[in-house]
Each structure stands twice: as structure tokens, then as C-alpha cells.
Amino acid sequence: MDNQLYRLLKLITLIQAYPGIRAKRLAAECEVTERTIYRDIDRLAQITTISKGRRGEGYRFVGQFALYPLDLTEEEIAGLQAVAAWVETAHRPLPPGWKTAYQKVMAAHAKEKKVNQGFLERVGDVVRLGNPAWAPETPNVFPELLQAVIHRRPVKALYHSQSRDQTGWRRIDPYYLIPREHRFYVIGYCHTRKEFRTFRVSRFHELRVLDGEYEKRPFDLNEYMKYTWSIERGASLIRFVVKFSPKVARYVKEEELFLRPQIRELPDGSLWFQVVVNGASEFLRWLWTYGPDAEILEPKQYRDHMVGILRQWLEKYERVQQG
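Residues numbered from 1 in each chain as written. Predicted model: local features only at pLDDT ≥ 70, side-chain atom pairs only at ≥ 80, totals over all residues. Heavy atoms only, no water.

Caption draft 1: Structural detail: the overall build of the protein chain. Each helix and strand counted, the protein chain has 10 helices and 11 strands in total. For the protein chain, restricting intrachain contacts to residue pairs at least 6 apart in sequence, the fraction spanning at least 24 positions comes to 58%. By element, 51% of the accessible surface of the protein chain is carried by carbon and sulfur atoms, the whole surface being about 21700 Å². (Helix = DSSP H or I, 4+ residues; strand = E, 2+ residues; numbered from the N terminus. Contact = heavy atoms within 4.5 Å. Areas by Shrake-Rupley, 256 points an atom, 1.4 Å probe, with all protein chains shown as cover.)

Caption draft 2: Region of interest: the packing of aromatic side chains. A full pass over the atoms with the stated rule returns 23 aromatic pairs. Between Y176 and F219 the ring centres are 6.1 Å apart and the planes differ by 40°, which places this aromatic pair in the tilted class. With Y176 in strand β4 (residues 166–180) and F219 in the loop between β7 (204–209) and α7 (221–224), the pair connects residues that are 43 residues apart, well separated along the chain. Judged by centre distance (5.0 Å) and plane angle (50°), the ring pair of W229 and W286 falls under tilted. You can see W229 sitting in the loop between α7 and β8 (238–244) and its partner W286 sitting in helix α9 (residues 281–288), a full 57 residues away along the chain. The pair formed by W229 and W286 is uniform in burial state, with each residue classed as buried. (Phe/Tyr/Trp six-rings, centres within 6.5 Å; stacked < 30°, edge-to-face > 60°. Buried < 20%, exposed > 50% of the residue type's maximum accessible area, 1.4 Å probe, protein only.)

Caption draft 3: How the structure looks around the pattern of salt bridges. One pass over the full model with this rule turns up 12 salt bridges. In this structure, the salt-bridge partner of E206 is R208, at a minimum N-O distance of 3.2 Å. We classify E206 as partly exposed; its relative accessible area is 32%. Among the ionic pairs, D304 bridges to K300, the shortest N-O distance being 2.8 Å. Taken together, the residues D304 and K300, both in helix α10 (residues 300–322) and four residues apart, mark about one turn of the helix. Through salt bridges with shared partners, a single network forms among R7, D40 and R43. (Salt bridge = Lys/Arg side-chain N within 4 Å of Asp/Glu carboxyl O.)

Caption draft 4: Spatial organisation of the packing of helix α2 (residues 23–30) against helix α3 (residues 34–44). With their axes 9 Å apart at the nearest point, α2 and α3 run at an angle of 100° to one another. Classified by the angle their axes make, α2 and α3 are roughly perpendicular. On α3, the residues touching A23, K24, L26, A27 and C30 of α2 are E34, I37 and Y38. Looking at the contact of α2 with α3, its residues break down into six nonpolar, no polar and two charged. (Axes fitted to C-alpha atoms, helices over the stretch in contact; angles between N-to-C directions. Parallel < 35°, antiparallel > 145°, perpendicular 65-115°, else oblique. Nonpolar A, V, L, I, M, F, W, Y, C, P; charged D, E, K, R; others polar.)

Caption draft 5: Region of interest: a nonpolar patch on the surface. Residues W288, L310, W313 and Y317 make up a contiguous nonpolar surface patch of roughly 470 Å² in combined accessible area. By relative accessible area, Y317 is classed as exposed at 58%. (Patch = residues over 30% accessible without salt bridge, like charges linked within 9 Å, V, L, I, M, F, W, Y side chains within 5 Å.)

Caption draft 6: Fine view of the environment of Y214. On the secondary structure map, Y214 appears in the loop between β7 and α7. Placed 66 residues apart in sequence, Y214 and A148 show a C-alpha to C-alpha distance of 9.9 Å. In contact with Y214, not counting residues within four places along its chain, are R152, R153, P154, D173, P174 and Y175.

Caption draft 7: Just the nonpolar core, in detail. F240, F244, F273, F283 and W286 are the most contacted members of the largest nonpolar core, which totals 23 residues. Those elements that place two or more of their residues in this core are β8, α8 (246–253), β10 (271–277), α9, β11 (294–298) and α10. Residues contacting F283, with those up to four places away along its chain left out, are W229, F240, V242, F273 and V275. Membership of the second largest hydrophobic core comes to 17 residues, among which are L145, V186, C190 and F199. (Core = buried A, V, L, I, M, F, W, Y, C linked by side-chain atoms within 4.5 Å.)

Caption draft 8: Geometry of the layout of surface pockets. Put simply, the second largest pocket is a space of about 950 Å³. Around the second largest pocket, the lining is made up of 32 residues, and of these Y185, T198, I231, E232 and E282 lie nearest the centre. Within the residue set of the lining of the second largest pocket, elements represented by two or more residues are β3 (155–161), β4, β5 (183–190), β6 (195–200) and α9. (1 Å grid on protein atoms, 1.4 Å probe; cavity = no way out; pocket = protein on both sides within 12 Å on 5 of 7 lines; lining within 4 Å. Points joined across faces, edges and corners; volume = space filled by probe spheres on them.)

Structure, rendered in C-alpha cells:
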């Protein structure tokens, strides 16, 4: 999450929890300067009314503004429980209402957790994933993966690598769930390979959500997927120029693509189409669905490659007819 956005959310929580809190304490809690706090307060004032009161008084929200839900992490809950346990053993007098306040917080958290779990179970019922034709039926791990992504939980997974044709256990910090071409993929940090990887969800044979939150590493999804036609990331940039016939031009313009191409309508109703990708295989597979209504103009090597494939197809079908 962006540092500024995170800080603004934290300011809302602090002001809501401690009405009258001063800039000096806010700066200490957020580990920034008071000048930064003043700028952040000005930003918050654009969406809700914040009162500073008389000189020497701190900030508070005016009206019914509040941040909900609690969204407490497991670490925060453990901290509250540790305080409650210390209170029980310390035998020190506490302000009236402490016990009931603690019970309400824990009850709200338990209810929220139950609601979230119910939501994830319903997701598992309505989101159905297929299985590769070669593989035995595998369990639907989508709800567990969704939970892990939302709550930043690491997972231990039995995963089949298609490129190596091997199945083994991986520890993964899942960052994003990405839908691509009727399939789901998870992008995350693989502790086995020590780098960010893309995993196809249908290749998970078993998955366990582990305790605790993973420490999020710097990661830019847009940069990671830059110039990627669908999901497979290549190593070199290729500029394709394609001419689509008038017969399919309108359908190409309606395609929901992950990269934004340059397109131009030609006088005869055909469509000039240009896109830069970091790998050819996925783009060519998409192009083949349009058959002879798609003509590769550039680059020449892929135009020649297409000619070679068409000749192979023609020879194969001609042999069948002659046999």
C-alpha cells in the first residue's frame, strides 16, 4: 500500500481513537515530521470536517464520521489478549468499563471473522475452476488463496511446474489473484526460487494457509506485467503490425485486451493494428483464432514463421486426403 495512503488511514484511526490528539503525538505515531502531519490533515479536511479547537487542543472529527470495520490483524488481537491476561494476573484496579469494552471488541472481531469466513466459503461455491485434461481432479483452493491474499498470509503449496514437469512443495507469499483467459493465476514471492513468480491456480494440488503475515517486499504489478499480452512474460520486446479484414474488424475492436494497442480504420473497412509485446507465443495463439482474416505485416520473421506453419498444415491435410 502507498505510504501516504497508509498514513492517512492511520491518522483517521488515531483521531477517531483519541479525540483531541495533537500534531506532535500524531507525528511520533506515524514517524514523520509535524509539517507532514499538517499537510495530511489538510488532505483529510477535504473529505470530512476536522476541528482543532482552541489553542493547545488537538484534532477531532466533527459529526458522525467514523472508520469501520475494525479489521484487526491477528497480531493486534494477540496483543489485546496479552493485555487482558496481564490485567487478570496483575490485580490492579482498572477504570470502569474496561472489561466490557474488551469483550465488545473481541465479540466484534469474532463476528467480523465469521462473516469473512462465510463470504470466502460462498466464493468457493460460486467460483469454479477447471482441471488440466492430463491431471486428476484437484481440490478447489481458490477460497484459501483469496483469504491468503486479503490477509497477507503465506501459503505452503504442492504445485506442479509445467515447464519442468515436476510437482513439489513451495512456500509462497501471494500478492495478487489475476484472471486471464478463463483461468486464475496468483502472483507472489516464491521462497523456493527466491523471486516473484506467476502460478496457475489449477496446478495447485494441495494448499495450506500458514499463520502470521508475510513481510511485503517492494513490488510493482504494472511493471511486472508490462508488455505482457496475457500472463506469460517474455524477455525481449516485439512490435507486431497486423491487418484485420473488414469481416472481423468490428470484433477486434470489441476485444477486452490487457495491453492497449494502436488501431486505425482503413478506407476499405479493414483494421490496422499495432502492439508491442514481450513474447510472441500468446499473441500468435490469439491471432490464429482469426485465421485468414488476420495478416501479419511486421515483423518479417513472424510473417515468414506464419507462412511456414500454414505450409505444414497444408501438407498434413493433403497427405490425409491422398491417403
